[in-house]
Structures are given as structure tokens and as C-alpha cells.
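Breakdown of the fold
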Amino acid sequence: MALLDLEDVSIRFGGVQALLDVSLQVREGEIVGLIGPNGAGKTTLFNCITGVLGPDSGRMAYDGRELHGVKTHRRARLGIARTFQNLQLFGRMTVLENVMVPIDAFSQRTPVGDALRLPTARFEEHKATERARALLYFLDLLDVADFQAADLPVGMQRRLELARALASNPRLLLLDEPAAGLDARETAALADVLFRIREQFDVTMLLVDHDMALVMRACDHIYVLDFGRVISAGPPEQVRDDPEVVQAYLGEVA
Amino acid sequence: MIGEARTVRWTAVGVGVALGVVIPAFLSDFLRSLAADAAIAGLIVLSLVVLTGLVGQISFCQYSFAAIGAFTVGSLVAGHHWDFWLALLVGVCFAASVGVLVAIPALRLSGLFLAILTIGVALFFDRFLLAPGTWDSFSGGTSSWRAGRPSFFGIGLKGEYAFYLFVFGALVLACLLVWNLRTGKTGRVLRAVRESEVAASTVGLNLTAWKLTAFGISAALAGLAGGLAAVRVGSVSAGSYGLLQSLLIAAIATVVGVGAIASAAAGGIFLVFIPEIIHHTPLSTQWFPLITGAALIFQLVYAPEGAVVDAETRIMRRFRRSTPEVPGEDSEVTERVLVRSS
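Residues numbered from 1 in each chain as written. Chains lettered and ligands numbered in written order. Predicted model: local features only at pLDDT ≥ 70, side-chain atom pairs only at ≥ 80, totals over all residues. Heavy atoms only, no water.

1. Describing the overall build of chain A
Quick reminder of the rule: Comment: elements are numbered from the N terminus, with helices defined as DSSP H or I runs of at least four residues and strands as E runs of at least two. Here the globule rule is a power law, 2.2 Å times the number of residues to the power 0.38, and the radius of gyration is based on C-alpha atoms. With a 1.4 Å probe rolled over the protein chains alone, any residue whose accessible area is under 20% of its type maximum counts as buried; one over 50% counts as exposed, and the rest are partly exposed. In this description, contact between two residues means that some pair of their heavy atoms is separated by no more than 4.5 Å.
In terms of regular secondary structure, chain A is built from 10 helices and 10 strands. Its C-alpha radius of gyration of 19 Å places chain A within 12% of the 18 Å reference for a compact globule of 254 residues. With respect to the three principal axes, the spread of C-alpha positions in chain A is 60 × 40 × 35 Å. The buried share of chain A, taken over its 254 residues, is 54%. A sequence separation of at least 24 residues applies to 67% of the contacts in chain A between residues at least 6 apart.

Given below as C-alpha cells:
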């Protein structure tokens, strides 16, 4: 059974049909790619899956459970995490704090425990710090743990978004253009990072990116979105040779 | 070197508290009562340190929350002969619940619209809840309220110095609790909500619950200030909890900065002692709001984070590693510099 199962998801903003009858399956353990020209609706689809937007029609099931009516923070607790195309880091907080927030979100600590510095609160603080530092080490960010997130170069900020998403222990990770703003060397390294994440964290991924080399290399299965519709789907080689996909991309250029 | 910074911080706190205890011992009873007022105002500034400093929400009705504390303590102690401590507890809880209630319509608002909503709340209190007659039916007329000074574990607080120490102790304790909140999970989570609501909710934070919590804590601190003010003056009048007071304290909190706990003390001193100083000059105390306004403009230009926060940053920077630099990765910049210099 698919971990994420979308059926005929549609959403309209005024006169713009952002998504039309999008059906998509992500099976456990896969890295699924989602590509398409700018404005095709990729980020909108992510917003629907995380509950930031509610689709007008269609069904979304996660792990066999209907997502309709489940609030954004509840979906995070079910194991859905994401990164943002337009980075949404907690800018005026340190790198370490950025990664501690999702861990905090799952802990049972109350403001009363914090204010009185109860032993349980101090223990949880210690545990959260250790786990956050381990994640920073995994993504090679430990050296900058005490820097403000806003002060980092883009490459590190993208990795920090990954670290923060992993901190909530997700089963499904939605990656929105993780390679945007990275140079060729960093992009190549990113594919390796994604493989390592899949191995060590047992995470299923849905990857949106414009970097074809990355998508072709990393993904098991690819969906192509254009004007809010799925125009092609299949393994990387098949999608690459699909005339309709070629036209969607070249048509955009012309 | 971080350890050194911590030593500096706690030494500063120790010196500050010691000065707060010792200096009033040499002052007149009148100045001691003003110092108690300053500590009470400090609690209101502290309530803004939580609400504005952590979660980034604006409120122009903090004195309305204080009024709830004051009127609850006043009417229960004077009108119904309750024990002061129990009345204070009830007042703080009552203020916190009203804070949460006000926060519900405020959930989807921020910035200017939230400011306008809180002004509406303050006006509602001014014109209706605090208007003469509203509380009379409950307490038998505010004019007859005489809330006497409480005692603290058998020690009478009738003397001005004893009472000042009691209020100052409450302020220090509240600052300590807020410091703990700020450095723990609560502070981190609230700052995350301030920085990016969409990211905060996608990592699993319930925005509604946390915003209500922040409003509740903030209103509880303001309510505590009100409850203490009720026994400081010995009577309760609506005039001291109006919209203008809330606006003034919000302006002062901005001048000193909502990003530091020390701002509570500085803000309280500013509100109470600057008018007193003006009183001894040829100027009228009517000039105080104007002076506050001028200070606000200077602060916004020269220390956007607030005077106390700015000073704290400058001092602490000396005890940290010299200017932080992001290591590695910027090979491109290095190359460009090399090319230019060759």
C-alpha cells in the first residue's frame, strides 16, 4: 500500500486552476520526483499535503488515513515533514535552536516545568540538545551550531532546512527545491545526502526540483506536472523520453 | 569564553539586585513608595517582554489586565474580607483567563490590526468595566475600599521599606521565572512562532495553543502587578488603568527594549522616576509623554532593538569570541579577494 495516496486533488485560486485532478502515489521507501515548469503547481501540492492549503476536491490519504480536516501541526505529528523553496528558517535563532524546535514540539514539557526548571525539563533539554547536535553532525553543520540561521550562506541554510525536517522524525519528507541556489558541486553532494537520509532515517521522499541531473539520479519514480495536471508519470528514463514532457519544457522556453 | 560571559551576566544580576535592596534603605519613605511603584510598573514591562519580545505580538491593553488583578484583590480583600494571598492568586488567574479570552479574536491578527484590537479592549475596559458603578454592586462601592497591607509570613508590610522589599522580591522572582521560560522550550517555541508561523506549524507546533499560552502568561504578570498595586495604594481607582497608561508603558517598553529581562527594571524606573525628576525642574510633568516620545524616536534611530538590549549586546560582545565568521564554503569570495589583491 502507498504511504501517500492522492486521488483527483484539485484547487483553484480565483481564475487560476492551480491543481486539476492530480493523482499520485508514493510508496514506502521510495524517492519520488515531482517536476514541471515554474507555476505548474508543485509547491501548491506540497501546501495541500501539509495542510497549509485545503484542496477544493479530491482525497488525500496518508498511511491509509484520510488527511482531510487534519490540522498542519497534527500532520507533522503523523510523520509528514517538509523543507521550503523560499527558505523558512527561524532566522533570528541559532542553528542549534532551529533543529531543537521540532524536538520541542514533540516533547511533553510545559511552561510551568520550564519556569521552575523541574528536573524533567532539564533532562529533556539535555536530550533535545544532544539529538539536535547529532543531526547537525550528520549534515555537517556542527561547526556553525551557535550562529544565527539568517547569517549562513544559502548552501548551509538548505542543509539546515533538511536537518530541521529530520528532527521531527518523519516517515514522509517533502523536499521543495533543495538544490535551488546550490552550485554543481553542492548539488552532486546533495544527492548523496538524500541517499544517506533514506538509508539511516528510513524516510520516504517526495522531491521537487528543477535540476534534472539530480532528479534523474535520485528518484525511483517521477511525476510531471504542467498547468496543474499530471502529464506524465513513470520511471526516470521513460519520463525523460516522453514527447509531451519535452514539449512542456521546450514550449515554456519558446 | 562563554563561561566568562555567564559570569559577567550573573555578576551584573547580583549587583543589580543588591543595589535594588540597598539604595532604597537610604531614601525617604516617599521615594521608597515610588520605588515600589517602579517595581510594579516593571512587572508590566516584563509582561511585554513575554508577549512582544518572545512571540512578537503587540498589546495596548496591559493595564486593563492589571486592572483585573487590582479590582479582584481590592473587592475581595476590602469588600469580602478575603485573605490577601488567596485574593492575589484569584486575581492573577482571573487576569490570565481574560488574557486568553482576548487572545482568541487576536489569533489571526498581527501588527497594526492586533494593535487596534487591543486598543478596543482597553477602551471597553475604560468605558464599561472600570466605569463608576460597574463594580459597586459586587463590592458595595469602590469609594469604601480599603485594602490594607498584607503580612508576609507574619512580617507586617506596613512600613514603606518592608513593602518595597516585598514588591521588589516579587519582581525579581518573576524575572527569574521569565528568564527560565525564555531559555527553555517555551522561549524557543514562542520565538519560532514569531520567526515563521508556517514553518512552526509544519514542524508540529500548535500555533493557537502557544499564542494563547503567551497571552495568558503575559496577562498573568500584568494581573500580578495590578494585585500588588491595589495594596500598595490601599484603594483602587479606575483612572490608573486606562488606555493612556497602556500606551505609555508600551512606548517605554519599546524604548528600553523588549528583548531583555533587565528592561523590566529599567522601564519601571523610567516610568516612575523621570516624572519625579521633571517635577523638581521648572518644567511641568505634563512634559513626560513628550520626553518619552522623543526618547522613542532617538531609540528607533540609534538602537532599534531598545536601549537596554543594545547596551547588553555591546557589553556581552566583549566577552565572546571576536566577530563571528562563518567558516568554509565561501571559496568564491576568497577567490575574488585574491584576484583583486594580485
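2. Structural notes on the packing of helix α4 (residues 84–106) of chain B against helix α10 (residues 207–233) of chain B
Residue and element names in this part refer to chain B. We apply this condition: To get an axis, a line is fitted to the C-alpha atoms, and for a helix only the part in contact is used. The angle between two axes follows their N-to-C directions and goes from 0 to 180 degrees. When the near helix sits turned anticlockwise from the far one by under a right angle, the crossing is termed left-handed; a clockwise turn instead gives a right-handed crossing. Residues are grouped as follows: Ala, Val, Leu, Ile, Met, Phe, Trp, Tyr, Cys and Pro are nonpolar; Asp, Glu, Lys and Arg are charged; every other residue, Gly included, is polar.
Running from N to C, α4 and α10 point in directions that differ by 140 degrees, and their axes come no closer than 7 Å. Read as a crossing pair, α4 and α10 show a hand that is right-handed. Between α4 and α10, the contacting residues are Phe84, Leu88, Val92, Ala95, Ala96, Gly99, Val100, Ala103, Ile104 and Ala106 on the first element and Leu212, Phe215, Gly216, Ala219, Ala220, Gly223, Leu224, Gly227, Leu228 and Val231 on the second. Per-class residue counts for the contact of α4 with α10 are 16 nonpolar, four polar and no charged.

3. Digging into the sheet that holds strand β5 (residues 65–66) of chain A
Residue and element names in this part refer to chain A. Put simply, the test is: Any two strands with at least two DSSP-identified bridges between them are counted as paired.
Strand order in this open sheet of four strands is β2-β1-β4-β5, and the pairing throughout is antiparallel. Both edges of this open sheet fall to β2 (16–27) and β5, since each of them pairs with a single strand only. The pairing of strand β1 (residues 2–13) with strand β4 (residues 57–62) spans five bridges and is antiparallel. Within the sheet, the bridge partner assigned to leucine 4 lies in β4 and is tyrosine 62.

4. Points about unusual backbone geometry
Its identity is not glycine, yet aspartate 21 of chain A carries a phi of approximately 45 degrees, on the positive side. In this structure, aspartate 21 of chain A sits in strand β2. Its identity as a non-glycine residue notwithstanding, histidine 81 of chain B has a phi of 55 degrees, on the positive side. With respect to the helices and strands, the residue histidine 81 of chain B is situated in the loop between α3 (62–80) and α4.

5. Some details on the packing of aromatic side chains
Formally: The pairing test for Phe, Tyr and Trp rings, Trp by its six-membered ring, is centres within 6.5 Å, and the orientation test on the planes gives stacked under 30 degrees, edge-to-face over 60, and tilted for anything in between. Charge-over-ring contacts are defined here by two conditions on Lys NZ or Arg CZ: a distance within 6 Å of the ring centre and an angle within 35 degrees of the ring normal.
Scanning all chains against the criterion turns up 12 aromatic pairs over all chains. Ring plane angle 20 degrees and centroid distance 5.6 Å describe the contact between tyrosine 164 of chain B and phenylalanine 168 of chain B, whose orientation is recorded as stacked. Pair noted here: tyrosine 164 of chain B and phenylalanine 168 of chain B are both in helix α7 (residues 160–183), with a separation of four residues, about one helical turn. When sorted by exposure, tyrosine 164 of chain B lands in the same class as phenylalanine 168 of chain B, which is buried. Among the aromatic residues, ring-to-ring pairing joins Phe84, Trp85, Phe163 and Phe166 of chain B into one connected group. Sitting over the ring of phenylalanine 106 of chain A, arginine 77 of chain A keeps its end group 6.0 Å from the ring centre.

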